[in-house]
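Reading the structure
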Amino acid sequence: MSTILFELGCEELPPKSLKPLRDALQASVTEQLTEANISFDNIKAFAAPRRLAIQIQGISNKQPDRTEEKRGPAIKAAFDADGNPTRAAMGFAKGLGIEASELITINTDKGDYVGYEQTIQGQATTELLPAIFQTALDNLPIAKRMRSGASRNEFVRPVQWAVLMQDDAVINATIQGHQTGKQTRGHRFHSPDYHNIGHANDYEQLLDGLKVVVDFDKRQMLIKNQVKALADEVNSDAIVPQSLLDEVTALVDFPIALRASFEARFLQVPQEALISTMQADQKYFCLTDKAGKLQPYFIFITNIESKDPNQIIEGNEKVVRPRLADAEFFFLQDQKQPLFALTESLKTRVFQDKLGTIWEKSERIAKLAAFIAALMQQQGQQIDIDQTVRAGILSKADLASSLVGEYPELQGIAGTYYARLNDEPEAVAASLEEQYLPKFSGDVLPQTPVGICLALADRLDTLVGIFAIDQAPTGSKDPFSLRRSAIGILRILIEKQLPINLVALVEQAIKGYSTSDGSKIAKMGDTFTQVMAFLNSRYRAMYTEQGVSVDTIQAVQAINPHMPLDFDQRIRAVQAFSDLPQASMLADSNKRVANILAKSEVSVADNVDEALLSEPAEQSLYASVQQAQTVVQPLLEQADYTQVLQTLASLDEPLTQFFDNVMVNSEDIALKANRLALLKQVRALFLTVADISELQL
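Here's what I pulled together on the structure shown here.

Rules behind the numbers
Residues numbered from 1 in each chain as written. Predicted model: local features only at pLDDT ≥ 70, side-chain atom pairs only at ≥ 80, totals over all residues. Heavy atoms only, no water. Axes fitted to C-alpha atoms, helices over the stretch in contact; angles between N-to-C directions. Helix = DSSP H or I, 4+ residues; strand = E, 2+ residues; numbered from the N terminus. Parallel < 35°, antiparallel > 145°, perpendicular 65-115°, else oblique. Left-handed = near helix turned anticlockwise from the far one by under 90°. Contact = heavy atoms within 4.5 Å. Nonpolar A, V, L, I, M, F, W, Y, C, P; charged D, E, K, R; others polar. Pairing = 2+ DSSP bridges. Buried < 20%, exposed > 50% of the residue type's maximum accessible area, 1.4 Å probe, protein only. Arc of directions from axis to C-beta. Phe/Tyr/Trp six-rings, centres within 6.5 Å; stacked < 30°, edge-to-face > 60°. Lys NZ or Arg CZ within 6 Å of the ring centre and 35° of its normal. Salt bridge = Lys/Arg side-chain N within 4 Å of Asp/Glu carboxyl O.

Direction vectors running N to C along helix H16 (residues 449-468) and helix H19 (residues 524-545) enclose 125°, while the axes themselves pass 9 Å from each other. Regarding the angle of H16 to H19, the classification is oblique. Between H16 and H19 the crossing geometry is right-handed. Residues Leu463, Val464, Phe467 and Ala468 of H16 form the contact with H19, whose participating residues are Thr527, Gln530, Val531, Phe534 and Leu535. Along the lines of polarity and charge, the residues of the contact of H16 with H19 split into 7 nonpolar, 2 polar and no charged.

Here you go:
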């Protein structure tokens, strides 16, 4: 057992790719070692700005020997009547380099054959490793590879050196066009020279002394701890997005955190703009107070242990000041006119060639949002329809602002700031930001009633319009993010407990495209059908992400509820039903009932003639059905689907007895028809919640 060290030294690797490259390298090497049957105790990947490395401890020195069985011709073809080997047997033996007398008999299900058991010597690990590492490098997820100078070898960045060692010895090989050795390089500035690695186990400790924290995770933890300590000194919390933390970790070998400040006057600018420019352009960690309000500080990570940190701090303060001043300028420039005035320029800005301008979209959003607000009012919600219309008209105004032009991610957010500065009602102002929620899977939903109306109206308008012009998502393309929009609609209606029918919403959204000059939607019926089908198809993606089984989703989809809240209540009921001890039998019985009814050659009656119930088992089932119908009806009116299915579970025993003792397809036509009618009532009872026959229990 020994330790293997591999290191590839490069020019600075792409920071956003460093962590994925490290993980992919380790995964590929691990997979190849497993396939080659080379055992090892531990494998660890390292990644720093100028290197990728793998250390494998407790690795076996060679592959285990293996026995390989070679099968030749059948016994009867391999030997003649006297037991002498035929030409077929001798040819087979010659091909293996052995004598015919060394052949053995192999017994199989198809007969007996001659054969030979050959021992294959395992290769030395050191012989296999160069190819393993080169293959791993070739398979790294690199979008665009480059060549350096006259070299024909391609990699994400020019390669400077390669290390491949077994314990204290070099494994001679050529990787990425470089002869392997045992020399590495330290920090570009603090320790730029080559240094010998005494032993493969010394790698991490050696580089620590050369001012390179080569372990990515260790380096990241150092950054997090330093950032927190500096934030605590000014009683603040640091904003540390994981993506930014990964990127900063990939930019430095030896992280040193420093805190700087900026003028407090910049805090009048929307803090989202300041945070955006400091994070995206400068890779800074911003600080907020305990209430989440931005403070005039930021923390940055330097790659140099400076004797005079103040010079570095002053330099960063000098660099960030113009960027904050730009944000301040755009913010003040936008305030020279009210938010509503910005809507004028939306009349010439195209939303989509065939669907008109952004202003026209705003008008449609306002009308549809007012329609939704009226539905919410009918359900007892407190919402002002006039404010909803005003919010719809202003919903896209900030797209014409200078601030959003510079920082597109502030759409909606900027509108909320400007609306408050213009003394718009708070319900209107808050909704301008909330209309874009949820932005991604698991994101928060709009909280205010007006924000909910805008969020639904905006998504429905886009969904209907894009389907109307035949730009529906394909398997690989969804440029308008319609799948995300559809799930957003469903989530809002479900999680906000809004009993609103999708049919009404989609129909109203389609009507919104009608003008005095006609409708922008040529095929309203087709558009309605396609949009409804698309929305219904999103249930599966949404619920499988929550861990709901596919058959449960299919059971509810089979009855096609049009109200998402109702759909969700049925899903929860079926989940609870599936846990009942009677569930499996009832699911099978429902399948059987469905099949029997489907095979009926005549129309099955709705009513049962009680006088024709001759068998005790069918009389018992009929009585149970009658009782269940009485109990279920008020539960259905309350949408208590869980209790409905709990009640129907009592049909377990009567159904079992019915199928065990009653012949449905009786020769007596009247009896047969009556029994089919009884089963139809059973089927109808379960279909009030879901198609239980879809369950795979």
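There is more to say after this.
Here we have 5 strands laid out as an open sheet, ordered E2-E3-E1-E9-E10, and antiparallel in their pairing. Every other strand in the sheet has two partners, leaving strand E2 (42-48) and strand E10 (169-170) as the edge strands with one partner each. Pairing of strand E1 (residues 2-10) with strand E9 (residues 159-166), which is carried by 7 bridges, proceeds in the antiparallel orientation. Opposite Leu8, over in E9, you have Ala162 as the bridge partner. Packing against the sheet, helix H1 (residues 18-35) makes contact with E2 and strand E3 (51-59), and its axis sits at approximately 30° to E3.

Here the focus is helix H24 (residues 641-648). The complete set of buried residues in H24 reads Tyr641, Val644, Leu645, Thr647 and Leu648. Down the axis of H24, the buried set is contained in an arc of 155°. They therefore lie on one face.

All chains considered together, the criterion is met by 13 aromatic pairs. Look at Tyr284 and Phe300: their rings are 6.0 Å apart centre to centre, the planes differ by 50°, and that puts the pair in the tilted class. Taken as a pair, Tyr284 in the loop between helix H8 (271-280) and strand E17 (285-288) and Phe300 in strand E18 (residues 294-302) lie far apart in primary sequence, 16 residues in all. Taking the relative accessible area as the measure of exposure, Phe300 reaches 3% and is therefore buried. Measuring from centroid to centroid gives 5.8 Å for Phe329 and Phe330, while their planes differ by 65°, and the two rings are edge-to-face. Members of the aromatic cluster, each reached through a chain of ring pairs, are Tyr284, Phe298 and Phe300. The side chain of Arg265 reaches across the aromatic face of Phe266, ending 4.2 Å from its centre. Above the ring of Phe534, the side-chain terminus of Arg538 is found at 5.5 Å from the ring centroid.

This model, assessed by the stated rule, comprises 33 salt bridges. Among the salt bridges present, the one from Arg22 reaches Asp23, with a minimum N-O distance of 2.9 Å. With a relative accessible area of 8%, Arg22 lands in the buried category. Residue Lys361 pairs with Asp458 through a salt bridge whose shortest N-O separation is 3.3 Å. On the criterion of sequence distance, the pair formed by Lys361 in helix H11 (residues 358-378) and Asp458 in helix H16 is long-range, its members being 97 residues apart. An identical accessibility class is assigned to Lys361 and Asp458; each is buried. Through salt bridges with shared partners, a single network forms among Lys361, Arg364, Lys396, Asp458 and Asp461.

Structural measurements only, silent on function.
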